[in-house]
4 protein chains.
Amino acid sequence: MTKKESLVYAAMELFAENGFEKTSTANIAKRAQVSEALIFKHFTNKDGLLDAVLKQGYADVLKSNKNMLESKDPLSFVHRVIELPYVLYLKHPLFWKMQAQLQTHPKANHAQEHFVKPVKSILANSLRNLGYSNPDKESELILTVVDSVWKKLAVDDNFNIGAKDLIKYIQDKYTIEIKQENK
Amino acid sequence: MTKKESLVYAAMELFAENGFEKTSTANIAKRAQVSEALIFKHFTNKDGLLDAVLKQGYADVLKSNKNMLESKDPLSFVHRVIELPYVLYLKHPLFWKMQAQLQTHPKANHAQEHFVKPVKSILANSLRNLGYSNPDKESELILTVVDSVWKKLAVDDNFNIGAKDLIKYIQDKYTIEIKQENK
Amino acid sequence: MTKKESLVYAAMELFAENGFEKTSTANIAKRAQVSEALIFKHFTNKDGLLDAVLKQGYADVLKSNKNMLESKDPLSFVHRVIELPYVLYLKHPLFWKMQAQLQTHPKANHAQEHFVKPVKSILANSLRNLGYSNPDKESELILTVVDSVWKKLAVDDNFNIGAKDLIKYIQDKYTIEIKQENK
Amino acid sequence: MTKKESLVYAAMELFAENGFEKTSTANIAKRAQVSEALIFKHFTNKDGLLDAVLKQGYADVLKSNKNMLESKDPLSFVHRVIELPYVLYLKHPLFWKMQAQLQTHPKANHAQEHFVKPVKSILANSLRNLGYSNPDKESELILTVVDSVWKKLAVDDNFNIGAKDLIKYIQDKYTIEIKQENK
DNA sequence: TATGAATGAGGTTTCATTCAT
DNA sequence: CATGAATGAAACCTCATTCAT
């Protein structure tokens, strides 16, 4: 790992633990075992480092989750969407913890842009095919749940314990509901 | 309004706008039109001010929402819970924006404690009475949605537009679902 | 002397000795026997301190040199102008040394504005009355000399030795020249 | 142009624009389109680069102005001296702008040494031959004007406009004065 | 109660310089 | 000869907090 990468991952860890504001560049450099000045050589300023951390984080997440939403039938697509936050979180907990910390930072709230928005219309279509009379609202409801789940996972370690069961419960609920819609 | 109160509400505004870390005591004093030193006379330190702000916020919220969850039948209790975040947010948006900002601050995440936890078992009981086979999980699901809704309201102004409709949609969904459970 | 004033004069000394860029705020605070942070409380930033130093300097100079250019006849006005840099420098050497150091700083080159420009047209008029055929150019020449003299005084200690004689020589030269013009 | 030369001229430009202290080695390297490290290979340190810049500058100036003060009769020598700063400045404005910026830098103030001092005694002699009763002081006066002119040219673009006329005026003044001295 | 003056500790950033390649 | 990577020291500035009045 190059020193530049060390800095990115050290920053990701610390931003995840303590948030952006409470993490000093001195601390990041220390954790990366690198001089503080190197941060500014590579990333211009602290915000530039944040950009790099976010970019790296998204790249990592996307790399390991290509095609994860592909599925033949609409029902299994709905299932995929419901388990999405759980699956993503387990693979890159650090990145999502950081995202939760950065929730209000102007630069950071692109999780919505990257993961939620693109899914919204596809999900609505699937739900329409599955017979839902108000697929847009139903889609919005599901995504609200999804959005809540990864944030709770990131913030509350207790939530993790029952999270898998909850996901399963929601998936099953939709399986049943959909059967009834189609009757 | 006393100077002490001015400080509390000035702090609430600024914490809501910019978060705790990015708000300086100098700024709070300026907005309250009061000397910076007064913060420390009244609240010992910045954290003490935060305590006071939270206390005041909860007091305000509770004062205007007494008995808001009381209801005769289980179904209308479920409806009350679902609309809870919307109703609370509209009355005290500043406080909930601040809560969203403070999400990771150790002192602040008592919204759960104060509003969600006490509801959980009652909600589960209501759902049991309404014929749900897994009332605990269903309760958890509803509260997950509820938790997401107020945070989205606080953070995303676009969400506010359709929020009322979404709430209505969810309430209706449970009305129908419950009828079917009881058939 | 208040701490604020201490800072202004400490800064004036150090700017005079080493220039603006080579003087650190830490150093100024040390010389003023005051905390570095106080600079920023009182003057916002280093440039603000420079503003204050210049303002103070001009105030001091003007205070002790009111009406110094008043004179009944044109010839003695010319004499006053010629000796102006010498007289001013002797009273506030520090300020003029600082001005010499700041020559290229955008904020600082107001010596021209404050002392030279206002004199130019009056001097030209006096010279016209004294029979000069090209009073504007002659005025410009005299002011060029004047401008050079204070800068040399400020920068070169050797120049100080003969400066008084040089001033006298120039004054006498104009006395003679003017007699001839008027013949 | 070799990379070394690129560095020298890039530095001269930037020192002229912003002064020595406000010019960073990083900036110089960028303008020269060369690596920063090369500065230290070639010139040991930033001061070494300044030395090289000065040396180069003087060499350039001297090269294009050999024998410029040679003249058969004393009067035209006086004329040459008076126009010296104007002539020199027009050929190498960058170098003289830099000299003005460096006025207080210990290394830089050798313009006096190189150009003014050697002229002083010759000028005094010429003036003696021309009948001046106090040739040393008159020489000093002329050199004071000369010293002022190049600095004003370097610092104030407005001065440039009328500079040529002013020079002419001064030359003519001495022509007339000298005639009268010799009557 | 209320304030203006003051500060120590720490934050981000800049800079000249070194070194391995 | 030339560079990219790296750094220690120091620069300017911010901040929560203290204290005398």
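Data block above holds the structure.
Values in this document were obtained by computation on a predicted structure and should not be read as measured data. (Residues numbered from 1 in each chain as written. Chains lettered and ligands numbered in written order. Predicted model: local features only at pLDDT ≥ 70, side-chain atom pairs only at ≥ 80, totals over all residues. Heavy atoms only, no water.)

Novice: Outline the interface of chain B and chain A, listing residues and values.
Specialist: With 31 residues of chain B at the contact, the number on the chain A side is 31 residues. Surface buried jointly by chain B and chain A totals about 2700 Å² across both partners, of which 59% is contributed by carbon and sulfur atoms. Sorting the residues of chain B by area buried against chain A places Lys137, Thr144 and Tyr169 of chain B first, and these three jointly supply 21% of that buried surface. With its nearest N and O atoms 2.6 Å apart, the salt bridge here joins Lys173 of chain B to Glu138 of chain A. At the junction of chain B with chain A, the criterion picks out twelve residue pairs in polar contact (both at pLDDT 80 or more). Contributions of two or more residues to the side of chain B that touches chain A are made by helix 6 (93-101), helix 8 (135-155) and helix 9 (157-181) of chain B. Ranked by the residues each element gives to the side of chain B that touches chain A, the list is headed by helix 8 of chain B, at eleven residues. Residues of the side of chain B that touches chain A, tallied by class, amount to eleven nonpolar, ten polar and ten charged. (Contact = heavy atoms within 4.5 Å. Buried area = accessible area lost by both parts, 1.4 Å probe. Salt bridge = Lys/Arg side-chain N within 4 Å of Asp/Glu carboxyl O. Polar contact = N/O pair within 3.5 Å; in protein donor to acceptor, adjacent residues only side chain to side chain. Helix = DSSP H or I, 4+ residues; strand = E, 2+ residues; numbered from the N terminus. Nonpolar A, V, L, I, M, F, W, Y, C, P; charged D, E, K, R; others polar.)

Novice: Explain the protein's contact with DNA strand F residue by residue, including any values.
Specialist: Taken together, the neighbourhood of DNA strand F is formed by 31 residues, with Thr25, Phe40 and Lys46 of chain B together with Thr25 and Lys46 of chain C sitting nearest. Restricting the count to atoms of DNA strand F within 4 Å of the protein gives a sugar and phosphate share of 60%. The side chain of Lys46 of chain C places a nitrogen or oxygen atom 2.7 Å from a phosphate oxygen of DNA strand F. Here a phosphate oxygen of DNA strand F and a backbone polar atom of Ser35 of chain D are 3.1 Å apart. Of all the elements in the fold, those that place two or more residues in the surface near DNA strand F are helix 3 (36-43) of chain A, helix 3 (36-43) of chain B, helix 3 (36-43) of chain C together with helix 3 (36-43) of chain D. Each residue belonging to the surface near DNA strand F can be placed in one class, and the counts come to ten nonpolar, twelve polar and nine charged. (Near = heavy atom within 4 Å.)

Novice: Now, about the environment of Gly131 of chain D: what can you tell me, with residues and values included?
Specialist: As for its position among the elements, Gly131 of chain D is in the loop between helix 7 (111-129) and helix 8 (135-155). Among the residues examined, Gly131 of chain D registers a relative accessible area of 36% and is labelled partly exposed. (Buried < 20%, exposed > 50% of the residue type's maximum accessible area, 1.4 Å probe, protein only.)

Novice: Tell me about the protein's contact with DNA strand E, and please be specific about residues and values.
Specialist: If you check the shell around DNA strand E, you find 31 residues, and the closest are Thr25, Phe40 and Lys46 of chain A together with Thr25 and Phe40 of chain D. Expressed as a percentage, the sugar and phosphate content of the atoms of DNA strand E within 4 Å of the protein is 61%. Here His42 of chain B contributes a side-chain N or O atom positioned 3.4 Å from a phosphate oxygen of DNA strand E. Within the backbone of Thr25 of chain D, one N or O atom sits 2.7 Å away from a phosphate oxygen of DNA strand E. For the surface near DNA strand E, the secondary-structure elements that each account for two or more residues are helix 3 of chain A, helix 3 of chain B, helix 3 of chain C together with helix 3 of chain D. Grouping the constituent residues of the surface near DNA strand E by class yields ten nonpolar, twelve polar and nine charged.

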